[in-house]
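Listed below are the residues making up each chain.
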Amino acid sequence: QLQLVESGGGLVQPGGSLRLSCAASGFTLDYYAIGWFRQAPGKEREGVSCISSRDGSTYYADSVKGRFTISRDNAKNTVYLQMNSLKPEDTAVYYCAALPHWACGSSWYRRYEYDYWGQGTQVTVSS
């Protein structure tokens, strides 16, 4: 069974850091680009970042550029999202998802491009 499982969410103060993990089971991430999305209450799910599998190309939403870093460890079948300088507006449920090809591409931020989704992990930034 193909599965993605996110972990690492929690409560953090503004300016703090968290590292989210996205672990795959039932398939290898070597052939899939992986994206991170987030959804705040009452808002649409938005693309945060994406990493291609073959060349490691990375993409970021403008709102997180310079603060978040996506990376992958294919040996551990896991993708990470390092989040620094967190702001209250980063509060959301964060999801990872797999694209059915190795490259993120120019439409990486479109949720309907993705085949497999994790269950999400809550990130709350508050003092």
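For the structure itself, look to the data block above.
In this report, the structure presented in the accompanying data block is examined.

Rules of the game
- Residues numbered from 1 in each chain as written.
- Predicted model: local features only at pLDDT ≥ 70, side-chain atom pairs only at ≥ 80, totals over all residues.
- Heavy atoms only, no water.
- Helix = DSSP H or I, 4+ residues; strand = E, 2+ residues; numbered from the N terminus.
- Buried < 20%, exposed > 50% of the residue type's maximum accessible area, 1.4 Å probe, protein only.
- Polar contact = N/O pair within 3.5 Å; in protein donor to acceptor, adjacent residues only side chain to side chain.
- Contact = heavy atoms within 4.5 Å.
- Pairing = 2+ DSSP bridges.
- Axes fitted to C-alpha atoms, helices over the stretch in contact; angles between N-to-C directions.

## Things to note about the side chain of S53
Right, on to step 1. Secondary-structure assignment places S53 in the loop between strand 5 (46–51) and strand 6 (58–60).
Right, on to step 2. Its relative accessible area of 9% is what places S53 among the buried residues.
Right, on to step 3. Side-chain polar atoms of S53 contact the backbone oxygen of D30, separated by 2.9 Å.
Right, on to step 4. Once residues within four sequence positions are removed from consideration, S53 is found in contact with L29, D30, Y31, Y32, A33, R72, N74 and W102.

## Focus: the sheet that holds strand 3 (residues 18–25)
In sheet architecture, strand pairing relies on hydrogen bonds along the backbone and comes in two forms, parallel and antiparallel.
Right, on to step 1. Overall, antiparallel pairing links the 4 strands, which are arranged 1-3-8-7 in an open sheet. Of all strands in the sheet, those bounded by a partner on one side alone are strand 1 (3–7) and strand 7 (68–73). The mean angle between the axes of side-by-side strands here comes to 15°, regardless of whether they run parallel or antiparallel.
Right, on to step 2. Two strands pair when backbone bridges link them, and strand 3 and strand 8 (residues 78–83) are joined in this way by 6 bridges, in the antiparallel orientation. Note that in strand 8 the partner of A23 across the bridge is T78.

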